Amino acid sequence: MSGLDEVATYSSDLHERLKPRLQARTRDEALYARALSEGLSELQARVLAGRLNGYRGELAPLVTPSLRHLTHPEQLRDARRAAERIAQAVVDGEHIGILTDYDVDGITSHVVIRRTLVELFGVPEARLHSLIGHRIHDGYGISLPLVERTLALSPRPSLVITADCGSSDEPRIARLKAEGIDVVVSDHHALPLEGPPASAYATVNPTREDCDYPDTTIAGCMVAWLVMSLSRSVLIEWGLLAAATPKLAPWLSYVALGTVADCVSLGGSAANRAVVNYGLNLINRMDAACWRAMAARLGADSVPFDAETLAFQMGPRINARSRLDDPYAALYFMLAEDDAVAHRHLATLDQDNQSRKAIEAEMSEEARQLAIPSLVANEPAIVLYLESGHPGVQGIVASRLVQAFGRPALVLTPAAAPGMLTGSGRSIEGLHLRDALQRTFELAPLCLPRFGGHRGAAGVGVPVEQMAAFRVAFLQAVSEQLGDRELCPRVFTDGALTPAQLSLATLDELAVLGPYGREFDAPLFEGEFLVEHLRPVGADGNHLMMELSAGAVTQRGIWFRALTPGELPAFGVGDRLRCAYKLNRNRWRGRESLQLMIEHAEAC
């Protein structure tokens with residue numbers, strides 16, 4: 001039930017080491033006291049102080065997110081230069097290429113740039129070229145195949161604007177420059193040690209060492225939004241746009257989706273919290289066909305959308321397209337102007353998502369089996385090669401391994417280029433994955449010709465003959481960061497609730513602190529309950545529906561993926577369970593009730 005079946009046959013010691021452990025979050029007592037003094041409830045102060053350890057800034061920008069806390073884009077290094085080049089291309093009637101990554105961050109960036117150029121700047125569609133790489137055939141960023149396709153366009157663009165990629169693509173940018181094409185890079189990924197790409201006309205990236213922008217955690221779509229906002233200002237300064245030209249605020253609906261789906265920080269970042277909060281308000285107006293189509297697919301009770309809807313419903317569907325095929329159906333879905341078109345493209349995304357789930361299940365099972373030797377050896381990370389694995393699902397499988405075994409994971413599969421492997425990694429708290437890959441490169445440069453990413457997720461390209469050397473170097477790099485830290489699956493909780501707090505009013509109290517997401521996880525509580533009733537549910541009978549009582553209060557709870565098909569629960573009616581759970585608002589035909597979402601349960 002907890003992902004340990006595969007290791008149970010090896011040793012009881014290994015099985016015990018890999019049991020999930022409930023652990024109370026470390027609470028910043030100074031922050032807790034300050035939150036109480038500023039009027040937050042005890043529960044709100046507890047949740048806040050468990051997520052912002054060491055935070056000494058103002059609480060208001062985090063607790064009451066507002067766009068007034070956004071920093072002006074002029075503080076982004078090269079942003080003015082980039083904006084003026086974009087404005088000049090608009091004025092001179094140049095053909096413009098929009099080159100973005102294929103994931104949700106990239107697709108939403110693409111929408112922001114394209115809609116701004118067309119709807120606000122009046123650029124004809126015929127002068128724009130959408131350039132999005134194929135995850136499997138082209139790979140990440142400004143790949144060589146994407147460069148060749150750009151150069152084959154007729155007429156060619158004289159300007160290419162990137163988003164969510166480009167910082168590590170100097171050789172390909174140099175090729176475009178040599179052909180007379182200027183490249184404006186907007187990105188948020190860490191730059192290589194040699195700095196911004198020298199051949200780029202401008203590189204706008206908050207992680208640049210010479211950049212004064214105060215928040216390095218913003219997503220690629222937010223960088224793109226800031227650059228295009230500044231481009232609007234430049235065109236107004238030049239007298240070529242009316243001062244009354246609408247601002248880009250409506251596009252923050254897309255920025256909210258890209259920010260949540262790209263798993264950037266929603267903790268101490270006032271900017272990220274502001275755009276997600278504002279964007280959700282826009283989304284829930286249901287003004288765009290893509291939002292209406294998704295609401296219809298999820299059912300009337302899914303509205304209003306929250307950050308979890310974006311993270312677990314919209315994000316996976318958009319990503320699924322690029323994982324299995326070309327990403328343009330996702331772009332067309334987001335750009336759809338009428339509901340029929342949006343529904344048609346969403347049907348494609350849904351079908352891809354179902355296919356992705358099936359592939360993921362098969363790969364995850366194989367990966368768990370292959371991980372056992374690493375677990376037995378108590379290695380600090382899991383590095384696996386799935387010879388028949390689908391490269392579009394590597395990251396999800398790596399996430400499943402992290403969840404099951406509590407250590408960083410990197411999954412490799414064959415790449416489109418002969419002699420190469422491609423891989424995706426996911427990290428744990430306490431390990432900066434991109435830094436670990438930088439150290440791997442320092443230890444063995446030949447084994448890692450290409451890599452990129454950030455703290456929590458990263459991608460790699462590894463020559464087949466260097467796989468063993470890569471594994472050794474990567475494990476050393478991870479070990480250097482983690483030291484002798486004990487590795488096991490950990491379930492961090494916010495403590496217990498009283499029976500009286502098991503109510504919708506508590507959910508409302510917690511909602512005030514939203515949005516929740518990476519580095520600001522939704523509250524998770526722990527407590528003991530008596531099992532009053534339980535039954536397997538779902539098509540495969542792998543979910544558990546339960547009635548749980550605490551004192552005089554009885555609540556319905558559901559535990560998704562609690563069982564493997566055909567498995568019986570390890571506990572029954574009358575048993576006492578120690579559970580980790582979230583509070584959930586269950587909507588059904590216009591009525592609301594509280595439901596416990598069980599994340600972990602064990603017999604007391």
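Use the structure listed above.
Residues numbered from 1 in each chain as written. Predicted model: local features only at pLDDT ≥ 70, side-chain atom pairs only at ≥ 80, totals over all residues. Heavy atoms only, no water.

Caption draft 1: Broad picture of the overall build of the protein. When helices and strands are counted, the protein shows 19 helices and 17 strands. Relative to the 2.2 N^0.38 estimate, which gives 25 Å for 604 residues, the radius of gyration of the protein is 24 Å and therefore close to what a compact globule would have. The principal-axis extents of the C-alpha atoms in the protein amount to approximately 75 × 55 × 50 Å. Split into buried and exposed, the 604 residues of the protein put 55% on the buried side. Only carbon and sulfur atoms are counted for the fraction: they give 51% of the accessible area of the protein, which is about 24,500 Å². (Helix = DSSP H or I, 4+ residues; strand = E, 2+ residues; numbered from the N terminus. Rg over C-alpha atoms; globule rule 2.2 N^0.38 Å. Buried < 20%, exposed > 50% of the residue type's maximum accessible area, 1.4 Å probe, protein only. Areas by Shrake-Rupley, 256 points an atom, 1.4 Å probe, with all protein chains shown as cover.)

Caption draft 2: Highlighting helix H11 (residues 270-283). Its 14 residues place the ends of H11 20 Å apart at the C-alpha level, agreeing with the 20 Å of an ideal helix rising 1.5 Å per residue. Counted residue by residue, H11 has 11 buried out of 14 residues, so it is predominantly covered. Among the residues of H11, Ala-270, Ala-271, Asn-272, Arg-273, Ala-274, Val-275, Val-276, Gly-279, Leu-280, Leu-282 and Ile-283 are the ones counted as buried. In the core, the buried residues of H11 are packed alongside helix H4 (60-63), helix H9 (220-237), helix H10 (252-261), helix H12 (289-298) and helix H13 (307-324). (Expected span 1.5 Å × (residues − 1). Contact = heavy atoms within 4.5 Å.)

Caption draft 3: Geometry of the pattern of salt bridges. Under the counting rule described, the total for this entry stands at 37 salt bridges. Salt-bridge contacts for Asp-521 lead to Arg-25; the nearest nitrogen and oxygen are separated by 3.1 Å. Within this pair, whereas Asp-521 is found in the loop between helix H19 (504-511) and strand E13 (525-537), its partner Arg-25 is found in the loop between strand E1 (21-24) and helix H2 (29-37), the two being separated by 496 residues in sequence. For Asp-521, a relative accessible area of 36% translates into the label partly exposed. Residue Arg-585 pairs with Glu-592 through a salt bridge whose shortest N-O separation is 3.3 Å. (Salt bridge = Lys/Arg side-chain N within 4 Å of Asp/Glu carboxyl O.)

Caption draft 4: Structural context of the nonpolar core. By size, the foremost hydrophobic cluster in this structure holds 127 residues, and its most contacted members are Leu-117, Trp-225, Trp-291, Met-334, Tyr-581 and Leu-583. Considering each element in turn, this core owes the most residues, 11 residues, to H9. Among residues more than four places away in sequence, those in contact with Trp-291 are Ser-253, Tyr-254, Leu-257, Ile-283, Met-286, Phe-305, Met-314 and Met-334. Leu-18, Ile-396, Leu-437 and Val-462 belong to the second-largest nonpolar core, a separate cluster that totals 44 residues. (Core = buried A, V, L, I, M, F, W, Y, C linked by side-chain atoms within 4.5 Å.)

Caption draft 5: The arrangement of the pairing of strand E8 (residues 409-414) in detail. With five of six residues buried, E8 is to be regarded as a mostly interior element. As paired elements, strand E7 (residues 382-385) and E8 share four bridges and run parallel to each other. In the sheet register, Tyr-385 faces E8, and the bridge partner there is Leu-412. Note on the crossover from E7 through helix H16 (residues 394-405) to E8: the handedness is right-handed. With six bridges connecting them, E8 and strand E9 (residues 420-426) associate as antiparallel partners. Residue pairing in the sheet places Leu-412 in a bridge with Gly-423 of E9. Between E8 and the antiparallel strand that follows it, E9, lie five residues; Gly-419 among them carries a positive phi value of about 80°. (Pairing = 2+ DSSP bridges. Right-handed = clockwise from strand over helix to strand, strands pointing away.)

Caption draft 6: Summary view of helix H6 (residues 104-120). Taking 1.5 Å of rise per residue, 17 residues should cover 24 Å, and H6 covers 23 Å from first to last C-alpha, within 8% of that figure. The buried count for H6 comes to 14 of 17 residues, which makes it a mostly enclosed element. At the C-terminal side of H6, Gly-122 shows a positive phi close to 75°.

Caption draft 7: Up close: the sheet that holds E8. Spatially, E7-E8-E9-E11-E10 is the arrangement adopted by the five strands of the open sheet, whose pairing is mixed. Either end of the sheet is taken by a strand with one partner, and the two such strands are E7 and strand E10 (450-453). Each strand axis lies, on average, 15° off the axis of its neighbour in the sheet, ignoring direction. Relative to strand E11 (residues 457-463), E10 is paired through four bridges, and the arrangement is antiparallel. Of the residues in E11, the one forming a bridge with Gly-452 is Gly-459. (Axes fitted to C-alpha atoms, helices over the stretch in contact; angles between N-to-C directions.)

Caption draft 8: Representation of a nonpolar patch on the surface. Together, Val-91, Trp-238 and Leu-240 line one region of the surface with nonpolar side chains, adding up to about 260 Å² of accessible area. Relative to the helices and strands, Trp-238 is located in the loop between H9 and H10. (Patch = residues over 30% accessible without salt bridge, like charges linked within 9 Å, V, L, I, M, F, W, Y side chains within 5 Å.)

Caption draft 9: Quick peek at the packing of H13 against helix H15 (residues 339-376). Contact geometry of H13 with H15 gives a least axis separation of 8 Å together with a crossing angle of 70°. Relative to H15, the element H13 is oriented roughly perpendicular. Only Leu-346, Thr-348, Leu-349, Asp-350, Asp-352, Asn-353, Ser-355, Arg-356 and Ile-359 of H15 make contact with H13, whose side of the interface consists of Pro-316, Arg-317, Ile-318, Ala-320, Arg-321, Arg-323 and Leu-324. Of the residues that constitute the contact of H13 with H15, the class distribution is seven nonpolar, three polar and six charged. (Parallel < 35°, antiparallel > 145°, perpendicular 65-115°, else oblique. Nonpolar A, V, L, I, M, F, W, Y, C, P; charged D, E, K, R; others polar.)

Caption draft 10: The sheet that holds strand E14 (residues 543-550), seen in detail. Spatial ordering of the closed barrel is given by E13-E14-E15-E17-E16, a layout of five strands whose pairing is mixed. Recorded for the sheet is a direction-independent mean angle of 45° between the axes of neighbouring strands. Alignment of E13 against E14, held across seven bridges, turns out to be antiparallel. Looking across to E14, one finds that His-533 is bridged to Glu-547. Along the sheet, H19 makes contact with E13, strand E16 (576-588) and strand E17 (591-603), crossing E16 at roughly 80°.

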